[in-house]
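Listed below are the residues making up each chain.
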Amino acid sequence: PTHYGKWRYALDFIFLNTEGKSHRGDGDKPEDYYIWGTPVLAVAAGRVVAAVDGFSDNPPYQSWDEKAPSGNYVIIDHGNREFSEYSHFQKGSIAVKVGQTVERGQALGLVGNSGYSYEPHIHFQLQDSPDIQATTLPARFAVFYELFRGRVYEVVNRAPLEGEYVSHQPPQ
């Protein structure tokens, strides 16, 4: 697992090529990473309760911001005490404002490397409050793809398990 304690259900999303690498070349620049600049989409409709933009992106594996761990982030209230948090957006890319209503699939911003982030990725968690330090909840996905013992399986309508390697699309 990549997260523990109250963050145990958090997920970090990266893109890998067919060789299992997340970047081109040496990966010295954020732009070398396959996920860099990918639009981040809202998982469900709701109201934006937090949107922070202005933290610089880190050079991969060279520095990270321990004082602002989430970097640039968005939190959405989905009702029923469920909130989604997305962290590590590119500086200047947040496309929503506090108070705005968003629809499922609406672009929130672009994947970056801000905050306490070693390489470009998007951190996602479903949580029980709008607080940046909230306790995570298991997030149920309509479909995802699991790599298990060298084979890929389609998984329908459940939350990923701790330590499970998952993808939103089948490998090419």
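Up top is the structure these notes are about.
Residues numbered from 1 in each chain as written. Predicted model: local features only at pLDDT ≥ 70, side-chain atom pairs only at ≥ 80, totals over all residues. Heavy atoms only, no water.

Draft legend 1. Expanded view of the nonpolar core. Of all hydrophobic cores here, the largest spans 18 residues; its most connected members are Val74, Ile76, Tyr86, Phe89, Val96, Val102 and Leu108. Within the residue set of this core, elements represented by two or more residues are strand E4 (73–77) and strand E8 (122–127). (Core = buried A, V, L, I, M, F, W, Y, C linked by side-chain atoms within 4.5 Å. Buried < 20%, exposed > 50% of the residue type's maximum accessible area, 1.4 Å probe, protein only. Helix = DSSP H or I, 4+ residues; strand = E, 2+ residues; numbered from the N terminus.)

Draft legend 2. The arrangement of the pattern of salt bridges in detail. In the structure shown here, the tally under the stated rule is 2 salt bridges. The shortest N-O distance in the salt bridge between Lys29 and Asp32 comes to 3.6 Å. Judged by its relative accessible area of 46%, Lys29 falls in the partly exposed class. For Asp77, the salt bridge goes to Arg47, with nearest N and O atoms at 3.9 Å. Here the residue Asp77 occupies a position in strand E4, and Arg47 occupies one in strand E3 (residues 46–52), the gap between them amounting to 30 residues. Judged by its relative accessible area of 40%, Arg47 is partly exposed. (Salt bridge = Lys/Arg side-chain N within 4 Å of Asp/Glu carboxyl O.)

Draft legend 3. How the structure looks around unusual backbone geometry. If you check the backbone angles, Arg81 has positive phi at about 60° while not being a glycine. Of note, Arg81 is situated in the loop between E4 and strand E5 (83–87). The backbone phi angle of His88 is positive, close to 85°, even though this residue is not glycine. Mapped onto the secondary structure, His88 falls in the loop between E5 and strand E6 (101–102). Residue classification places His88 among the buried residues on the basis of a relative accessible area of 4%.

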